[in-house]
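# Breakdown of the fold
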Amino acid sequence: MLRILYLVPSLADPAVARRVAMLRLGGAEVEIAGFRRADAPPDSLPAGTVVELDVTHDGRMLQRLFATLTAAFRARGWARSFARPDVIIARNLEMLGIANRLLGFWPQPPALVYECLDIHRLMLRQDNLGRSMRLVEQRLSRSAALLLTSSPAFLENYFAQHGSPPPYLIENKVFAPEGLDIGDNPALRGDIEPIRIGWFGALRCHKSLTALDAASRALDGRVEVTLRGRPALTEFEDFAATTEAAPHLRYAGPYRYPHDLAAIYSDVHFVWAIDFFEEGQNSRWLLPNRIYEGCLNGAIPIALAGTETAAFIERLGIGLVIPDIEIETLKALFSALTSERLLALAQAVRAQDPVSFRCEKTECDALVDRLADLAPASLEKAA
């Protein structure tokens, strides 16, 4: 059995639990080392061994850097908790540094895989800091045999420019191997008043919050907006005050993945798949979880022109692509929507093959097989 050591920057990140579950479903044995975020309890991780390296704080880059350096310095001690892995997967750049430190601890070094699912704005700066960050990444990734990433636009716009190990694309599809209810768009049931928009997941875009609040006010209740997930409070002036004061917008708290997906997405007509968090850079290139979650459950995606998300839904022939999120654009869009148009949009999403949005076991098997190819000598020895 392939043994994987997974190094993660946040044990509380639900995406970490999903990746571990994918690897285990594909037949791998997984152990984890990572940091705990001070404002979030660790998720329940399906792994044999989980080692907490330190406590870090969201938005405090210097503190996280110090914690990373400390963990790397002390690695010989905490690494004794693990059997020698066949593969080390390092999620994000800071964990790639720790992984490089670990490679020399065993007589036969494990294969190293770099997992990068977002391009941080620091990596894209054109000053000395940005160039230094990219040089560090390039140097550390020389030891890696594979790059895992989630969007072809990351490859085209970043890694092709600056270099990377051979890439392997894993989309952010919904992972629910135990079986999952799939919701239907309310338009399919003739429920069209009011038009309901869902903005779910990582809530970190203050421009989206402002635009959705303003548009729903201007349309005087014809459009209602529901927010679910975890807001990045550092990105908003006052998230709670804004949502509480908005007459047609409400924040309904976090949700359970994947158990609540059918319920929350089948309660809205549209999924808001627009993000200006790192405008013109990462937000333009990513394919967010919500696009897969929403479409699987019948929600009609709304994307911004010129983004990879827009290209994704245009290839499928579904959803709405808008040029901007100005209030007049949103007013014109929703004012012109008829029940017939809404029904046609919902039917187009429902006609899609669920495999486009849901991770199947075959994808888990293929991922683990690809990782096993990186360490054939150690696997033969184990056999």
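Being a predicted model, the structure only gives us computed values, none of them experimental. Within each chain, residue numbers correspond to sequence positions counted from 1 in written order. In keeping with the model being predicted, local features are shown solely for residues with a pLDDT of at least 70 and side-chain atom pairs are shown and tallied solely at 80 or more, while totals for entire chains, interfaces and linings include all residues. Values reported for side chains reflect all heavy atoms of the structure, with hydrogen atoms and water molecules removed beforehand.

What follows covers the overall build of the chain. Within the chain one finds 16 helices and 13 strands. With the principal axes as the frame, the chain shows a C-alpha extent of 65 × 45 × 35 Å. Relative to its full complement of 383 residues, the chain shows a buried share of 53%. Contact definition: two residues touch when any of their heavy atoms are within 4.5 Å. Sequence separation of at least 24 residues holds for 72% of the intrachain contacts in the chain that already meet a minimum separation of 6. Shrake-Rupley sampling with a 1.4 Å probe provides the accessible areas, and residues are treated as covered by the protein chains on show and by no other component. By element, 51% of the accessible surface of the chain is carried by carbon and sulfur atoms, the whole surface being about 16900 Å². Charged residues are defined narrowly, with Lys and Arg counted positive, Asp and Glu counted negative, and His plus the chain ends left uncounted. To locate a charge, take atom NZ for lysine, CZ for arginine, CG for aspartate or CD for glutamate. Side-chain charges of the chain comprise 41 positive and 47 negative groups, with the mean position of each set lying 7 Å from the other. Under the scheme used here, helices are H or I runs from DSSP no shorter than 4 residues and strands are E runs no shorter than 2 residues, and both carry numbers assigned from the N terminus. Exposure is judged per residue with a 1.4 Å probe applied to protein chains only, and the accessible area is read against the type maximum: over 50% gives exposed, under 20% gives buried, and values in between give partly exposed.

What follows is about the side chain of Lys173. With respect to the secondary-structure elements, Lys173 resides in the loop between strand 7 (167-169) and strand 8 (195-203). Any pair of nitrogen or oxygen atoms within 3.5 Å is treated as a polar contact; in protein, a donor-acceptor pairing is required on top of that, and neighbouring residues in sequence qualify only through side-chain atoms on both sides. Within polar-contact distance, the side chain of Lys173 engages the backbone oxygen of Val355 at 3.0 Å. Non-local contacts of Lys173, meaning those with residues more than four positions away in its chain, are made with Tyr257, Tyr292, Val355, Ser356, Phe357, Arg358, Cys359 and Glu363.

Interaxial angle, 0 to 180 degrees, is taken between N-to-C directions of lines fitted to C-alpha atoms, where a helix line uses only the stretch in contact. Following both chains from N to C, one finds helix 5 (residues 128-141) and helix 6 (residues 152-162) inclined at 75°, their axes separated by 11 Å at the closest point. Between helix 5 and helix 6, the angle is such that the two are roughly perpendicular. Judged by residue contacts, Arg134, Glu137 and Gln138 of helix 5 engage Tyr158, Phe159 and His162 from helix 6. Roughly parallel refers to an angle under 35 degrees, roughly antiparallel to one over 145, roughly perpendicular to one between 65 and 115, and oblique to any angle outside these ranges.

Here we come to a nonpolar patch on the surface. Patches in this entry comprise residues that are over 30% relatively accessible and not in a salt bridge; like charges within 9 Å are linked, as are nonpolar side chains (Val, Leu, Ile, Met, Phe, Trp, Tyr) within 5 Å. Counted as salt bridges are all cases of a side-chain nitrogen of Lys or Arg within 4 Å of a carboxyl oxygen of Asp or Glu. A cluster of nonpolar side chains, Leu62, Leu65 and Leu69, forms an exposed patch at the surface whose accessible area comes to about 340 Å². Along the polypeptide, Leu69 turns up in helix 2 (residues 61-73).

With eight of nine residues buried, strand 8 lies mostly within the body of the structure. Sheet topology places strand 8 next to strand 9 (residues 223-231); nine bridges connect them, and they run parallel. Within the sheet, the bridge partner assigned to Phe200 lies in strand 9 and is Arg228. We call a crossover right-handed when, viewed with both strands directed away from the observer, the connection leading from the first strand over the helix to the second proceeds clockwise. Taken together, strand 8, helix 7 (residues 206-218) and strand 9 constitute a β-α-β crossover, and its handedness is right-handed. Strand direction decides the pairing type here: strand 8 and strand 11 (residues 270-272), joined by two bridges, are parallel. In the sheet register, Ile197 faces strand 11, and the bridge partner there is Phe270. Following DSSP output, two strands are said to pair if at least two bridges run between them.

Once that is clear, we can look at the sheet that holds strand 1 (residues 3-8). A sheet is described by the order of its strands in space; here seven strands give the open sequence 3-2-1-4-5-6-7, paired in parallel fashion. A strand with exactly one partner marks an edge of an open sheet, and here the two such strands are strand 3 (50-56) and strand 7. When strand polarity is set aside, the average angle formed by the axes of neighbouring strands in this sheet is 20°. Along the sheet, helix 6 makes contact with strand 5 (111-115), strand 6 (146-149) and strand 7, crossing strand 6 at roughly 120°.

As for its placement among the helices and strands, Thr149 is situated in strand 6. Look at Thr149 and you get buried, because its relative accessible area is 1%. When sequence neighbours within four positions are dropped, the list of residues in contact with Thr149 reads Cys116, Leu117, Phe154, Leu155, Phe159, Tyr168, Leu169 and Ile170.

Time to look at the environment of Trp285. With respect to the secondary-structure elements, Trp285 resides in helix 10 (residues 282-285). Taking the C-alpha atoms as reference points, Trp285 and Arg37, separated by 248 residues in sequence, lie 26 Å from one another.

Once that is clear, we can look at the confidence of the model for the chain. pLDDT runs from 0 to 100 and stands for how confident the predictor is about each residue. Residue-level pLDDT values for the chain average 91, and 94% of them are 70 or greater. Note that pLDDT drops below 50 for residues 378-383; the model gives that stretch seven contacts with residues more than four away or on any other chain.

What the rule picks out here adds up to 17 salt bridges. Across the pair Glu52 and Arg36 runs a salt bridge, and its minimum N-O distance is 3.2 Å. In this pair, Glu52 sits in strand 3 while Arg36 sits in strand 2 (residues 29-37), placing the two residues 16 residues apart along the sequence. For Glu52, a relative accessible area of 42% gives the class partly exposed.

Right, let's talk about the environment of Glu235 for a bit. Examined against the element boundaries, Glu235 turns out to sit in the loop between strand 9 and helix 8 (239-245). In contact with Glu235, not counting residues within four places along its chain, are Arg204, His206 and Phe277.

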